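Chain by chain, the residues:
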Amino acid sequence: MSRTTSDLLYLVTIVTFILALRFLSRPDTARLGNWIGAAGMLLAIAVTLAKSEVVSYWEIALGMVIGGGFGAIAARRVKMTDMPQMVALFNGVGGGAAALISWAEFHRKVPASGNLKLDIGIAIMLSALIGSISFAGSMVAFAKLQELIKGRPITYPGQQLVNGLVFGAAVAAGITIAAGGEEQWLMWGLLVFAAVFGVLFVLPIGGADMPVVISLLNAFTGLAAAATGFELENNVLIVSGMLVGASGTLLTLMMSRAMNRSIANVLFGAFGQVSPAAAASAESVGGTVRSASAEDVAVMLAYAHKVVVVPGYGLAVAQAQHDVRQLADLLEEKGVEVSYAIHPVAGRMPGHMNVLLAEANVPYPQLKEMDEANPEFARTDVVLVVGANDVVNPDARNNQGSAIYGMPILNVDQAQTVVVLKRSMSPGFAGIENPLFFNPKTVMLFGDAKDSITKLIGDVKGL
Amino acid sequence: MSHGQLLVFELTILVLAIFLGFEVISKVPTLLHTPLMSGTNAIHGIVIVGAILVMGSGGKDTLTWVIGFVAVILASANVVGGFVVTDRMLEMFKRRRPERTPADDDGNPPPPQ
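The shown structure was predicted, so the numbers you read here are calculated from the model rather than taken from an experiment. (Residues numbered from 1 in each chain as written. Chains lettered and ligands numbered in written order. Predicted model: local features only at pLDDT ≥ 70, side-chain atom pairs only at ≥ 80, totals over all residues.)

Peer 1: So, the pairing of strand β1 (residues 306–311) of chain A: which residues are in play, and what are the values?
Peer 2: One face of the sheet, then the other: side chains in a regular strand alternate in exactly this way. Residues and elements named next belong to chain A. The buried count for β1 comes to 5 of 6 residues, which makes it a mostly enclosed element. Strand direction decides the pairing type here: β1 and strand β2 (residues 337–342), joined by 4 bridges, are parallel. Bridging across to β2, valine 309 finds its partner in tyrosine 340. Relative to strand β4 (residues 382–386), β1 runs parallel, the two being bridged by 5 bridges. In the sheet register, proline 311 faces β4, and the bridge partner there is valine 386. (Buried ≥ 20, exposed ≤ 12 C-beta atoms within 10 Å, placed from the backbone. Helix = DSSP H or I, 4+ residues; strand = E, 2+ residues; numbered from the N terminus. Pairing = 2+ DSSP bridges.)

Peer 1: Describe the sheet that holds β2 of chain A, and please don't skip the residues or the numbers.
Peer 2: Backbone-to-backbone hydrogen bonds pair the strands of a sheet. The strands run either parallel or antiparallel. Residue and element names in this part refer to chain A. Ordered by their spatial adjacency, 6 strands build an open sheet running β3-β2-β1-β4-β5-β6, and the pairing between neighbours is parallel. Of all strands in the sheet, those with a lone pairing partner are β3 (367–369) and β6 (442–446), marking the two edges. The mean inter-strand angle of the sheet, taken between neighbouring strand axes irrespective of direction, is 25°. For β4 and strand β5 (residues 417–422), the ladder comprises 5 bridges, and the chain directions are parallel. Bridge pairing in β5 links valine 385 to valine 420. Contacting β1, β2 and β4, helix α14 (residues 321–333) crosses the sheet at an angle of about 175° to β1. (Axes fitted to C-alpha atoms, helices over the stretch in contact; angles between N-to-C directions. Contact = placed C-beta atoms within 7 Å.)

Peer 1: Go over the interface of chain B and chain A, please, and point to the residues and values.
Peer 2: Contacts between the two partners involve 85 residues from chain B, matched on the other side by 104 residues from chain A. Only α1 (3–24), α2 (33–43), α3 (47–56) and α4 (62–94) of chain B provide two or more residues apiece to the side of chain B that touches chain A. Among the elements that take part in the side of chain B that touches chain A, α4 of chain B stands out by supplying 29 residues, more than any other. Looking at the side of chain B that touches chain A residue by residue, the classes come out as 51 nonpolar, 24 polar and 10 charged. (Nonpolar A, V, L, I, M, F, W, Y, C, P; charged D, E, K, R; others polar.)

Peer 1: Tell me about unusual backbone geometry, and please be specific about residues and values.
Peer 2: All names here are of chain A. With phi around 60°, glutamate 147 is a residue other than glycine that occupies positive phi space. Within the element layout of this structure, glutamate 147 appears in the loop between α5 (118–145) and α6 (159–178). Residue class for glutamate 147 comes out exposed when judged on the 10 C-beta atoms lying within 10 Å of it. With a phi close to 60°, asparagine 361 is a non-glycine residue in the positive phi region.

Peer 1: Give a detailed account of helix α18 (residues 449–462) of chain A, specifying residues and quantitative values.
Peer 2: Residues and elements named next belong to chain A. Taking 1.5 Å per residue as the helical rise, α18 with its 14 residues ought to reach 20 Å, and the 20 Å between its terminal C-alpha atoms agrees with that figure. If you check which residues of α18 are buried, you get Ala449, Lys450, Ser452, Ile453, Leu456 and Val460. Seen from one end, α18 has its buried residues packed into an arc of 160°, which puts them on one side. Of the exposed residues in α18, those oriented more than 90 degrees away from the buried face are Gly458, Lys461 and Gly462. The inward-facing, buried residues of α18 contact α12 (294–302), α13 (313–317), α14, β4, β5 and β6. (Expected span 1.5 Å × (residues − 1). Arc of directions from axis to C-beta.)

Peer 1: Before we move on, can you summarise the confidence of the model for chain A with the specific residues and values?
Peer 2: Across chain A, pLDDT averages 86, with 92% of residues at or above 70. Low confidence marks residues 271–285 of chain A, where pLDDT is under 50. Its contacts with residues over four positions away, or in another chain, come to 33 contacts. (pLDDT = per-residue confidence, 0-100.)

Peer 1: A description of the packing of α12 of chain A against α18 of chain A should follow, citing residues and the corresponding values.
Peer 2: All names here are of chain A. At a minimum axis distance of 9 Å, the contact between α12 and α18 shows a crossing angle of 60°. As summarised for this structure, α12 and α18 are arranged oblique, according to the angle between their axes. Every pair of crossing elements has a handedness; the one defined by α12 and α18 is right-handed. Mapping the contact onto sequence places Ala294, Glu295, Val297, Ala298, Leu301 and Ala302 in α12 and Ser452, Lys455, Leu456, Asp459 and Val460 in α18. Of the residues in the contact of α12 with α18, the class split is 7 nonpolar, 1 polar and 3 charged. (Parallel < 35°, antiparallel > 145°, perpendicular 65-115°, else oblique. Left-handed = near helix turned anticlockwise from the far one by under 90°.)

Peer 1: Describe the environment of glycine 335 of chain A, with residues and values.
Peer 2: Of note, glycine 335 of chain A is situated in the loop between α14 and β2. According to the C-beta neighbour criterion, glycine 335 of chain A is exposed, with 11 such atoms within 10 Å.

Peer 1: Describe the environment of valine 49 of chain B, with residues and values.
Peer 2: Position of valine 49 of chain B relative to the elements: it lies in helix α3. Separated by 35 residues in the primary sequence, valine 49 of chain B and leucine 14 of chain B place their C-alpha atoms 17 Å from one another.

Peer 1: Explain the nonpolar core to me, using residue names and the numbers behind them.
Peer 2: Val310 and Val385 of chain A together with Ala71 of chain B are the most contacted members of the largest nonpolar core, which has 193 residues in total. Filtering out sequence-adjacent residues up to four positions away, alanine 71 of chain B remains in contact with Ala97, Leu100, Ile101 and Ala104 of chain A together with Ala51, Val54 and Met55 of chain B. (Core = buried A, V, L, I, M, F, W, Y, C linked by C-beta atoms within 7 Å.)

Structure below.
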């Protein structure tokens, strides 16, 4: 296939990707958009294989079967609750691929041509650097969300300095390459230092901020892909990579806006580090926690006019979304009005909770977004908080010292009664105390969310 | 095309792609943030094109071959996994996309019974 033909077909792929992004940002066309993107990707792969300079089909096919097989099985098997870490994992391998491409290009070009052109050198440096950071950072994000390592922030004195030095070392190796350095160890140094920086960079970030970090690393991988396009003189790589780089950056900003936190705050704020003031406030609030039995709660629910369920990650972990729907159906039969208040970052990613409840066939009109739900709480008899914590923490409104101060929350404390289903009194994912639990309006129902809901179903039925 | 001309051309489309990337997703409901992130994640799987080119071109040594092979594996996992995960997320919304009646939209609770 001639270069002209392949470039023209690549243009078709580029158009499908643009349409895919456009369609993915609207609920009614999102799924179609994903398919259009996949079709464009298939075309790009076919065109690349048909290029005259590509000869070793079988090895490529073998690699694609191994990688694609792993991707398909992992993506099919994963539970909906574990989606965020899957996205992190697939993002990481993409970044790793970009870094490897630039390594191979460096290895291939340097001995042959004698010296590297400046622009190719810069492209190699950028894709190796960014790709390696994205790979290592995504793996740490994956490990944190999968709870292979602690989700709470890890900090130590002089952290920013160490990070800066490691990053500086990676950049120095990269600049030497761009300036014409031809030793292979420069590339190894660049890849290793960038990977170490990726690890150090994500390690101090608390689990609650992980979606923003994954989104940012996603944009990084796009940039790395665009840089490989300059190495290989390939338009589809440049445009598609940059589309992801730009839209991913915008999406990152939107997500952090949904949490009312700046990017800088997310990346360097070491979220969850409870400031002394906040800790003091939490202690001073401290006092009595009322706990109730399932029977008590069942009575409250069955005789309420309006019940709002606030689902959080605890519900997802316990896989209790189906049981919650069953309880809601039961209450509706008894004439109780039930709706769900969804915080934008409920679960571990924006929109995550909508996916989980949709999976349990919760009727769409019952799902209320935060702006819609908040004015309703004053008229609500019982709020059932299932495994949510930080998104209902009044400290975000009242306590300037709190790490989540300023984050918009669901104002559940305006309701008549708040029932909190929680495993124990331990602080939430972000590691912050929650004065809601000490509020006189609040009763706690301790235990696994699924067990508690099952008990409630039984008790409501028995009434 | 000389190398210089090609570079300028490539930079031109790069800059246009930046603006396009910002424009194309201007308004996204929170609901779709995660699927959109996952979708863009699949799209940067386009590095598979680079991986195939690196691995597929003849006249290379063992190290290039091995690096290229690993790159093909990683990039294919990115592509396939990315699109499948996104589809699974969006599948959840499919069944009852809202026949949202105006009554559901006004935000008022139905009259008490």
